[in-house]
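Spelled out from the first residue to the last, the chains are:
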Amino acid sequence: MKAAFVSALFGVLAAAGAVTAAPASAASSGWDYISLPTWLGNCPGGGSVQYLQVMVGDTWSGGDAGDDLVYAKVVIGQNQTVVAEGLCYKGTQSYWGPASSQTIHPTRSGQTWWVGPAGVSHN
């Protein structure tokens, strides 16, 4: 049930991103880090993110295991929606944290974006 909801959410946001995206020739692409830290509400209940799924704009950025970070393709100088969800671990328990949707505006390649249900921050 939860997997179906997340899949549907990613599908809807991908469709929305495809409708609102600017032409590819109008902007340059880059690569930024997307992180799901616990301090932004990604693992209520005291766990930590050990696997995450991330989508930036209309591009699936994939998942990554072992930490709370992915290296994602972004469009420099444009607002993009980041949809993300982390698999949290606390001892021997695992659970999905809340899915979140936040807007980022990359200004250069190599930035780090911290996203979660409680907001977004960057360096």
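Residues numbered from 1 in each chain as written. Predicted model: local features only at pLDDT ≥ 70, side-chain atom pairs only at ≥ 80, totals over all residues. Heavy atoms only, no water.

*Asks:* Got a minute to help me understand a nonpolar patch on the surface in this structure?
*Replies:* Where nonpolar side chains cluster on the molecular surface, the patch consists of Trp31, Tyr33 and Tyr71 and spans about 310 Å² of accessible area. Along the chain, Trp31 turns up in strand β1 (residues 29-35). (Patch = residues over 30% accessible without salt bridge, like charges linked within 9 Å, V, L, I, M, F, W, Y side chains within 5 Å. Areas by Shrake-Rupley, 256 points an atom, 1.4 Å probe, with all protein chains shown as cover. Salt bridge = Lys/Arg side-chain N within 4 Å of Asp/Glu carboxyl O. Helix = DSSP H or I, 4+ residues; strand = E, 2+ residues; numbered from the N terminus.)

*Asks:* Explain the packing of aromatic side chains here, please?
*Replies:* What the rule picks out here adds up to 4 aromatic pairs. On the basis of an interplanar angle of 40° and a centroid distance of 4.6 Å, the ring pair of Tyr33 and Tyr71 is categorised as tilted. Taken as a pair, Tyr33 in strand β1 and Tyr71 in strand β4 (residues 69-75) lie far apart in primary sequence, 38 residues in all. Note on Tyr71: relative accessible area 44%, which makes it partly exposed. Both rings, one in Tyr51 and one in Trp96, keep their centres 6.2 Å apart while their planes meet at 80°; by these two values the pair is edge-to-face. Placement of the pair is Tyr51 in strand β2 (residues 48-56) and Trp96 in strand β6 (residues 93-96), with a sequence separation of 45 residues. (Phe/Tyr/Trp six-rings, centres within 6.5 Å; stacked < 30°, edge-to-face > 60°. Buried < 20%, exposed > 50% of the residue type's maximum accessible area, 1.4 Å probe, protein only.)

*Asks:* Honestly, the sheet that holds β1 in this entry has me stumped. Any pointers?
*Replies:* Taken in spatial order, the 4 strands of this open sheet run β4-β1-β8-β9, and their pairing is mixed. A single partner strand is all that each edge strand has here, and the edge strands are β4 and β9 (119-122). For this sheet the average axis-to-axis angle between neighbouring strands, irrespective of direction, equals 30°. As paired strands, β1 and strand β8 (residues 112-116) are joined by 3 bridges and run parallel to one another. Paired with Ile34 across the bridge in β8 is Trp113. (Pairing = 2+ DSSP bridges. Axes fitted to C-alpha atoms, helices over the stretch in contact; angles between N-to-C directions.)

*Asks:* It is not clear to me how the pairing of strand β7 (residues 100-104) should be interpreted in this structure. Could you clarify?
*Replies:* In regular strands, side chains alternate between the two faces of the sheet. Alternating positions in β7 separate cleanly, Ser100, Gln102 and Ile104 being buried on one face and Ser101 and Thr103 remaining unburied on the opposite face. The pairing of strand β5 (residues 80-90) with β7 spans 5 bridges and is antiparallel. Paired with Val82 across the strands is Gln102, a residue of β7.

*Asks:* Hey, could you run me through the pairing of β8 in this one?
*Replies:* Counting buried positions along β8 gives 4 out of 5 residues, so the element sits mostly inside the fold. Both β8 and β9 contribute to a ladder of 4 bridges, which runs antiparallel. Looking at the pairing, Trp114 lines up with Ser121 of β9. Count of turn residues in the β8/β9 antiparallel hairpin: 2 residues.

*Asks:* What is the right way to read the environment of Asn79 from this model?
*Replies:* Mapped onto the elements of the fold, Asn79 is located in the loop between β4 and β5. Measuring from C-alpha to C-alpha, the distance between Asn79 and Pro106 comes to 7.4 Å, with 27 residues separating the pair along the chain. Beyond its immediate sequence surroundings of up to four residues, Asn79 is in contact with Thr103, Ile104 and His105. Separated by 2.7 Å, the side chains of Asn79 and His105 make a polar contact. (Contact = heavy atoms within 4.5 Å. Polar contact = N/O pair within 3.5 Å; in protein donor to acceptor, adjacent residues only side chain to side chain.)

*Asks:* Whenever I open this one, the side chain of Thr112 confuses me. Can you help?
*Replies:* With respect to the element layout, Thr112 can be found in strand β8. In this structure Thr112 touches Tyr33, Ser121, His122 and Asn123, once residues within four positions along its chain are discounted.

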